[in-house]
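# Tertiary structure, described
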Amino acid sequence: MKTRLLVLLALTMTALPSMGEIVVVTNPANPATRMLPDQVAQFYLGSSNIFTPLDHAKDSPIHKEFYEKVIKKTPAQVEAIWAKASFSGKGSAPKEFGNDAAIKKAVAAEPTSLAYIDKASVDSSVKVLLTIP
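So, here is what we can say about the structure in this document. (Residues numbered from 1 in each chain as written. Predicted model: local features only at pLDDT ≥ 70, side-chain atom pairs only at ≥ 80, totals over all residues. Heavy atoms only, no water.)

Our next topic: the pattern of salt bridges. On inspection of all chains with the given rule, the structure shows 5 salt bridges. Across the salt bridge formed by Lys-58 and Glu-96, the nearest N and O atoms sit 2.5 Å from each other. Of the two residues, Lys-58 sits in the loop between strand E2 (52-56) and helix H3 (61-71) while Glu-96 sits in strand E3 (residues 95-97), which places them 38 residues apart along the sequence. For Asp-123, the salt bridge is made with Lys-104, and the minimal N-O distance between the two is 2.9 Å. One end of the pair, Asp-123, is in the loop between strand E4 (113-118) and strand E5 (127-132); the other, Lys-104, is in helix H5 (residues 100-109), and 19 residues separate them in sequence. (Salt bridge = Lys/Arg side-chain N within 4 Å of Asp/Glu carboxyl O. Helix = DSSP H or I, 4+ residues; strand = E, 2+ residues; numbered from the N terminus.)

Next up, the structure:
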């Protein structure tokens, strides 16, 4: 009986649903009105510097989900890209923040910022450019 309960508990833990929708946001003063996933990937991979990407902590679930759904790479692959860019002096990885509130505060302070947060965290301090289901 204990074994069945443990197996059921383990299956339940691994079958937890993913987060809600993720949105890519910028400062409300930024003239951009929408963005495609490929465009977002350019900024998060260092191919373009028109926007300043902001990131969640590497160990957060939203970080992993964002990179897999939008960037189409694992966080480890992206870290390797940024390590190479940093070593060669061609750029540095996006600054990391601990939660949506900290990211929204940073976005509000910088008009060229680009970030991703849970859709439930959206308020007037950010402008949504892309929704990722």
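As a further point, take the environment of Asp-123. On the basis of relative accessibility, which here comes to 35%, the residue Asp-123 falls in the partly exposed class. C-alpha separation for the pair Asp-123 and Lys-104, spaced 19 residues apart in sequence, amounts to 8.9 Å. Among the polar contacts listed, one links the side chain of Asp-123 to the side chain of Ser-125, at a separation of 2.5 Å. (Buried < 20%, exposed > 50% of the residue type's maximum accessible area, 1.4 Å probe, protein only. Polar contact = N/O pair within 3.5 Å; in protein donor to acceptor, adjacent residues only side chain to side chain.)

For the rest of this paragraph, the subject is the packing of aromatic side chains. Evaluated as defined, the whole model comprises 7 aromatic pairs. Ring geometry for Tyr-44 against Tyr-67: centres 6.2 Å apart, planes inclined by 85°, an arrangement best described as edge-to-face. Residue Tyr-44 is found in helix H2 (residues 37-44), and its partner Tyr-67 is found in helix H3; the two are separated by 23 residues along the sequence. Just as Tyr-44 is buried, Tyr-67 falls in that class too. Centre to centre, the rings of Phe-66 and Tyr-116 are 3.8 Å apart; their planes meet at 5°, and the pair counts as stacked. Highlighted residues: Phe-66 in helix H3 and Tyr-116 in strand E4, separated in sequence by 50 residues. You'll find Phe-66 and Tyr-116 in the same group, each marked buried. Joined through ring pairs, the aromatic side chains of Tyr-44, Phe-66, Tyr-67 and Tyr-116 make up one cluster. (Phe/Tyr/Trp six-rings, centres within 6.5 Å; stacked < 30°, edge-to-face > 60°.)

Attention now moves to the pairing of E2. For E2, the tally of buried residues reaches 4 of 5 residues, placing the bulk of the element in the interior. Bridging between E2 and E4 involves 2 bridges; their strand directions are parallel. Its bridge partner being in E4, Pro-53 is matched across the sheet by Leu-114. Of the strand pairs in this sheet, E2 and E3 are connected by 3 bridges, and their pairing is parallel. Within E3, the position partnered with Asp-55 by the bridge is Glu-96. (Pairing = 2+ DSSP bridges.)

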